[in-house]
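Here's the letter readout for the chains.
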Amino acid sequence: MKLPFIIIVDDDEQVLRAIQRDVRNKYHTEYRVSATDSAKEALELIKELKLKNETVALFISDQRMPEMEGVVFLEKTKEIYPESKLVLLTAYSDIDVAVRAINKLKLDYYLLKPWNPPDEKLYPVVDDLLDEWQAQYKPDHEGIKVIGFQWAPKSHKLKEFLSGNLIPYLWMDVENDEEAKKYLVSANLKFDALPLVVLKDGAWLSDPALPDLAKHIGLKQTASEKMYDVLIIGGGPAGLAASVYGSCEGLKTILIEKSNPGGQASSSARIENYLGFPKGLSGADLTRRAITQTLRFGTEILTPKTVQNIRLKDGYKITEMTDGSEIHSKTVIIATGVEYTKLEIPGLEKFNGAGVYYGSASVEAHACKGEFVYIVGGGNSACQAAMHISKFAKEVIIVIRRDSITKTAANYLIENISQTPNIRVQTSTEVVSVDGEKVLEKITLKDSTTGEEKTVPAKALFIYIGAKPGTAWLKDIVLKDEKGFIITGNELVKEKSFNNFWKLERKPLLPETSVPGIFASGDVRSTALTGISSAVGEGAMAIRFVRKYLEQM
Ligand SMILES: Cc1cc2nc3c(=O)[nH]c(=O)nc-3n(C[C@H](O)[C@H](O)[C@H](O)COP(=O)(O)OP(=O)(O)OC[C@H]3O[C@@H](n4cnc5c(N)ncnc54)[C@H](O)[C@@H]3O)c2cc1C
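Residues numbered from 1 in each chain as written. Predicted model: local features only at pLDDT ≥ 70, side-chain atom pairs only at ≥ 80, totals over all residues. Heavy atoms only, no water.

A. The packing of aromatic side chains, seen in detail. Scanning all chains against the criterion turns up 13 aromatic pairs. Each ring, one from Phe 498 and one from Phe 501, has its centre 5.5 Å from the other, and the planes form 85°; the classification is edge-to-face. In this pair, Phe 498 and Phe 501 both sit in helix H16 (residues 498–501), 3 residues apart, roughly one turn of the helix. By relative accessible area, which is 10% here, Phe 498 ends up buried. On the accessibility criterion, Phe 501 (24% relative accessible area) is partly exposed. One residue, Lys 159, lies across the ring of Trp 171, its end atom 4.2 Å from the ring centre. The ring centre of Phe 297 lies 5.0 Å from the NZ or CZ of Arg 296, which sits over that ring. (Phe/Tyr/Trp six-rings, centres within 6.5 Å; stacked < 30°, edge-to-face > 60°. Helix = DSSP H or I, 4+ residues; strand = E, 2+ residues; numbered from the N terminus. Buried < 20%, exposed > 50% of the residue type's maximum accessible area, 1.4 Å probe, protein only. Lys NZ or Arg CZ within 6 Å of the ring centre and 35° of its normal.)

In structure tokens form, the structure reads like this:
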């Protein structure tokens, strides 16, 4: 454990040396004693200490100092360390000031100079104050802190990125957490600089871009090899499974993920149908296990990095990222899954991350405490999200166009929902407009049978209305079906143009695309069975065929 500080300020060098010596002699094993002759310097020091998550148990300050009076200095320390004990060093002539400060400032003690012998006049007082401080002291969260406005899109983006990458952090809502404001003061920032990320070492980043944040929290940003056996695009269940089996089998494996590993599965509050977990497990837990496993086998993961193109050169693949970097590999597995379909309502975009969320139930559920929350969509994902948010919200209303969820959700979820008193399914209804000043405040619902419209208060709107394949970036590098899913294996052979694009003697391998050596697996593959188990199976299987391809290369 880091030792708390005792900070002493006195412009008189002789007095400073004497009090520093006496305090150090007695307390140096349990406290770090820092002394300075400048009150301004001391104020800068305590801001730095706050950002570094250090604690100050006691301030001792002289009253008469040219830069600032002692009572003013001690008052300022309270903005950052309100719990620290305060001692004013005074001459007999300043007793009046000290007595007034006891009432006004809640000064803990005034110490008359000189304090000899310390055993009688100094140590008993300081012992008492330090005991009192220790009794009420609660250690701050040691790790990363994210400070911002709860309903701001920028804050949401950072929280989603950190939780998705399994980086523990403490969220501090600047409007409801006094402690949060102290970090803002310490970093000399105003509200418009939020969100603020305070790192473990006390460094801070104001409104950081994700790649910048990633670099500071130690997420890998550049590839270490010149050539990989397999490069996997997308860190959902399919990509993670491929990476585990790839590196486990000794292939040089790299995984590129544009946001956070885990894919759609990471936003699942409870996966009930994954083999070997009879009580279910959360998407975050599954992702954490998979990342640990794949890193242990030696996979390199680069995140956040978005792939925007794949070029071919002499049979090798050159994968281009949006940041201009490139990685060379012998094979590529595309596992970019699907992306949420956007709800088309005028003005909705303004509230993305500020009350409107696509699949972020696990990140934002806590913020819905005691609120009315609406979920659009009646599939399994929507129902899972409703179950999770119902633990916090006052009421969760699932809004669907159909007349029931029986055709769209799994039986176990329908049953769970019917047994949860604060979840209601509002059928034959759609959301037609959204409103709010800076954050979502209300939505308008339209009953499709009567045409009646009703505006209701809504703190959050979670949208789960299906998905489209994450292949827009691929243009026509590989063959896709009419919906944009990647065609592979035997399905390619059925294409009329097969002989135009396929020039090899052999047939395409099962997960191989129209380009030899580029494979697809998981939800992004045409005719794939969606779901986590299928994606994991496909990812693992793709590696078998990557090996086969490499043997023939
Ligand atoms: C809320 C929710 C709950 C679910 N619950 C269950 C469940 O309980 N059981 C079940 O079986 N299934 C469930 N599913 C479905 C399941 O999660 C998916 O079928 C599965 O995640 C598909 O895996 P995937 O790896 O193919 O793709 P995805 O999970 O979609 O992952 C694709 C990844 O690729 C990344 N990516 C995309 N484009 C790029 C690019 N250009 N560059 C770099 N990276 C890119 C994405 O960011 C993403 O991380 C759920 C889905 C959701 C949304």
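B. Up close: the pairing of strand S23 (residues 453–457). Bridging between strand S22 (residues 442–447) and S23 involves 5 bridges; their strand directions are antiparallel. Paired with Lys 446 across the strands is Glu 453, a residue of S23. The antiparallel pairing of S22 with S23 creates a hairpin that spans 5 residues between the two strands, and Gly 451 there sits at a positive phi of about 80°. (Pairing = 2+ DSSP bridges.)

C. Just the packing of helix H2 (residues 39–51) against helix H8 (residues 178–186), in detail. Axis separation between H2 and H8 bottoms out at 9 Å; the angle between their running directions is 130°. It follows from the interaxial angle that H2 and H8 lie oblique. Handedness of the H2/H8 crossing: left-handed. Together, Lys 47, Lys 50 and Leu 51 of H2 and Glu 179, Lys 182, Tyr 183, Val 185 and Ser 186 of H8 make up the contact between the two elements. Of the residues that constitute the contact of H2 with H8, the class distribution is 3 nonpolar, 1 polar and 4 charged. (Axes fitted to C-alpha atoms, helices over the stretch in contact; angles between N-to-C directions. Parallel < 35°, antiparallel > 145°, perpendicular 65-115°, else oblique. Left-handed = near helix turned anticlockwise from the far one by under 90°. Contact = heavy atoms within 4.5 Å. Nonpolar A, V, L, I, M, F, W, Y, C, P; charged D, E, K, R; others polar.)

D. Structural detail: H2. In this model, H2 (13 residues) spans 19 Å end to end at C-alpha, consistent with the 18 Å of a helix rising 1.5 Å per residue. Inspection of H2 places Ala 39, Ala 42, Leu 43, Ile 46, Lys 47, Leu 49, Lys 50 and Leu 51 among the buried residues, and these make up the whole buried set. Regarding H2, its N-cap is Ser 38, as a side-chain oxygen of that residue lies 3.3 Å from the backbone nitrogen of Lys 40 further along. (Expected span 1.5 Å × (residues − 1). Polar contact = N/O pair within 3.5 Å; in protein donor to acceptor, adjacent residues only side chain to side chain.)

E. Representation of the sheet that holds S23. Strand order across the open sheet formed by 3 strands is S21-S22-S23, with antiparallel pairing between neighbours. Taken across any chain shown, the strands that pair with only one partner, and hence form the sheet edges, are strand S21 (429–435) and S23. The mean angle between the axes of side-by-side strands here comes to 30°, regardless of whether they run parallel or antiparallel.

F. Quick look at the site of the ligand. The immediate surroundings of the ligand are formed by 35 residues, with Glu 257, Gln 264, Gln 384, Asp 523 and Ile 532 found nearest. A distance of 2.9 Å separates an oxygen atom of the ligand from a polar atom in the backbone of Ala 238. Ile 532 places a polar main-chain atom, nitrogen or oxygen, 2.9 Å from an oxygen atom of the ligand. Taken by itself the ligand offers 1,000 Å² of open surface, and the protein chains cover 93% of this. Looking at the shell around the ligand, the elements that each hand over two or more residues are helix H10 (237–248), strand S16 (338–340), helix H13 (380–389) and helix H17 (532–552). Split into classes, the residues belonging to the shell around the ligand amount to 14 nonpolar, 17 polar and 4 charged. (Near = heavy atom within 4 Å. Areas by Shrake-Rupley, 256 points an atom, 1.4 Å probe, with all protein chains shown as cover.)

G. Expanded view of the pattern of salt bridges. Counted under the stated rule, the structure contains 33 salt bridges. We note a salt bridge from Asp 108 to Lys 85, for which the minimum N-O separation is 3.9 Å. Of the two residues, Asp 108 is situated in the loop between helix H4 (95–104) and strand S5 (109–112) and Lys 85 in strand S4 (residues 85–90); the sequence distance between them amounts to 23 residues. Residue Lys 85 is classed as buried on the basis of its relative accessible area of 10%. Lys 494 is paired through a salt bridge with Glu 491; the nearest N and O atoms lie 2.9 Å apart. Accessibility expressed as a relative area gives 61% for Lys 494, which makes it exposed. On the basis of relative accessible area, Glu 491 is assigned to the partly exposed category, the value being 30%. One salt-bridge network, in which partners are shared between bridges, spans Lys 2, Arg 32 and Glu 54. (Salt bridge = Lys/Arg side-chain N within 4 Å of Asp/Glu carboxyl O.)

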